[in-house]
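# Understanding the architecture of this molecule
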Amino acid sequence: MSTTLQMLDQGSLRHILEAHNLFKLRKAGGRIANLSYIDLTDMKLEGVDLSDANLTGARLYGASLRDANFTRANLYGCDLRNADLRFARFDRADLRGACLRGANLTAASLIGADLREGMIAFKDEKQGLRLMKHEKRAGELDHAIFNGADLSGARMNGMQAVSADFRDANLAGAVMSQAKLRKANLSGANLTGADLNGADVSGADLTGTVMVETQTSGCNLREADTTGILDTPKEVFIDERPLRDFVALHEDWAKTGGTKGSRQVLSGVDFRLAGDLRKRVLTMLEADGAILFGLDLSGIELQGANLINADLRRCNLAGADLRGARLIGAKLTHANLTGANLGPLDLGGGRLMRSDLSRVHLGHANLSGADLTRARMLEAVTEHVIDKGCNYMLAERA
């Protein structure tokens, strides 16, 4: 049985939002927004600030809510089907029992959000307590799009997310025990420390998924594509010597112009346990196909390095010197490249070695203030890239 939702005219809604804004600014006349059981179907509310607001049981079917702020808001049992929620913020929001079927949450932030199942009981004078139900069952995320979204630490126990799109999403520490993720797309997602105990991920796409210390007891992986899963790193030894020794040898070679140390070829090597790589000088390093996922490489010098097909997802490359680097086909999804130098490397005699980012994956990467002068970027994947102040002068893009 359904409760009757109330309608609001534009003037009343504007008054509520203005009072809520005054409340957030701690000004006189401010009042926290209460939109519980209000029908806002197809409403255009892009960029609205409803942080801490009460939207219990509200209907936002098909609403335009791009860049909206629902931080800490109460959205218990809210109907968000087919809503445009791209880049919206739901950090620590209560979304228990919310229906997100078909909603687009690309690059949204849901850090610590509560997405568990739930139903709402309300008082009825004749029948006592009844349950409020939407047209679909509570807690449904079927076909929702969470591409690149941040769901770290989210509580999603028992959620139903059949055929949902979690590509490149951050699900680190998320609790998804008993979740129904059949045929979901989790390719490239970060499931570090996530709880998938008893979850049904049969037929799901797990290609390139990061599953470091992921709990999977009783998890149904039947017919799931687990190609290229990145699990817990292991210490790398070469000729019984640890990888960090060879990194040091290459750095000595780079710093002394070859008079000390030796140039290293570390193709396909997993660097995740190679020690602190910040501000290291690794010019001309051969590391094609290497795994550097999630590492802090800020200020590193990799001029002319071979990083073809390397895994640099979620790396911090702020201020890195990558002039002339070969990054063909490399994965840089969610990487931080703010202020990085990807311009040409001057080889002397009028010769320049251009950085090559052909077919590189830069989805959701931050290129703010980066220098990509003359860079080759043919067939580069750049959806949802942040590139404010990025220099693309003479870059070859297609």
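Summarised in this report is the structure supplied together with it. Everything numeric in this text was worked out from a predicted model, so none of it was measured.

### Observations concerning the nonpolar core
If you look at the biggest cluster of nonpolar residues, it comprises 67 residues, and the most contacted ones within it are Leu85, Leu110, Phe166 and Met176. The element best represented in this core is helix α1 (residues 10–24), accounting for 3 residues. When residues no more than four places from it in sequence are discounted, the contact partners of Leu110 are Phe90, Asp91, Leu95, Leu105, Leu115, Phe146, Ala149, Asp150, Leu151, Ser152 and Ala154. If you look at the next biggest cluster of nonpolar residues, it comprises 48 residues, including Val236, Leu357, Leu362 and Ala375.

### Here's the deal with the packing of aromatic side chains
Going through the model one piece at a time under the given rule, you end up with 2 aromatic pairs. A centroid spacing of 5.0 Å and a plane angle of 10 degrees characterise the contact between Phe70 and Phe90, whose relative ring orientation is stacked. Of the two residues, Phe70 sits in the loop between β2 (38–39) and β3 (120–124) while Phe90 sits in the loop between β2 and β3, which places them 20 residues apart along the sequence. Take Phe90: its relative accessible area is 0%, and that puts it in the buried class. Taking the centre distance of 5.0 Å and the plane angle of 5 degrees together, the rings of Phe146 and Phe166 count as stacked.

### Concerning the side chain of Asp321
Following the sequence through the fold, Asp321 ends up in the loop between α2 (243–255) and β7 (345–348). What makes Asp321 buried here is its relative accessible area of 13%. A distance of 2.8 Å separates the side chain of Asp321 from the side chain of Arg323, its partner in a polar contact. Ignoring any residue separated from it by four or fewer positions in sequence, one finds Asp321 in contact with Ile300, Glu301, Leu302, Gln303 and Asn341.

### A short note on unusual backbone geometry
The residue Tyr37 is not glycine, and still its phi comes out positive at about 60 degrees. In this fold, Tyr37 is placed in the loop between α1 and β2.

### Some thoughts on the pattern of salt bridges
Two side chains bearing opposite charge may form a pair once their charged atoms approach each other closely. As enumerated under the stated definition, the model contains 28 salt bridges in all. Lys24 serves as the salt-bridge partner of Asp52, at 2.5 Å between the closest nitrogen and oxygen. Taken together, the residues span a long stretch of sequence, with Asp52 in the loop between β2 and β3 and Lys24 in helix α1 at a distance of 28 residues. Judged by its relative accessible area of 23%, Asp52 is partly exposed. The partner of Asp356 in a salt bridge is Arg376, and the shortest N-O contact between them spans 3.3 Å. Taken together, the residues Asp356 in the loop between β8 (351–353) and β9 (376–377) and Arg376 in strand β9 connect sequence positions 20 residues apart. The exposure class of Asp356 is buried, given its relative accessible area of 11%. Taken together, the salt bridges that share partners define one network made up of Asp94, Arg96, Asp114, Arg116 and Arg155.

Thresholds applied
Residues numbered from 1 in each chain as written. Predicted model: local features only at pLDDT ≥ 70, side-chain atom pairs only at ≥ 80, totals over all residues. Heavy atoms only, no water. Core = buried A, V, L, I, M, F, W, Y, C linked by side-chain atoms within 4.5 Å. Buried < 20%, exposed > 50% of the residue type's maximum accessible area, 1.4 Å probe, protein only. Helix = DSSP H or I, 4+ residues; strand = E, 2+ residues; numbered from the N terminus. Contact = heavy atoms within 4.5 Å. Phe/Tyr/Trp six-rings, centres within 6.5 Å; stacked < 30°, edge-to-face > 60°. Polar contact = N/O pair within 3.5 Å; in protein donor to acceptor, adjacent residues only side chain to side chain. Salt bridge = Lys/Arg side-chain N within 4 Å of Asp/Glu carboxyl O.

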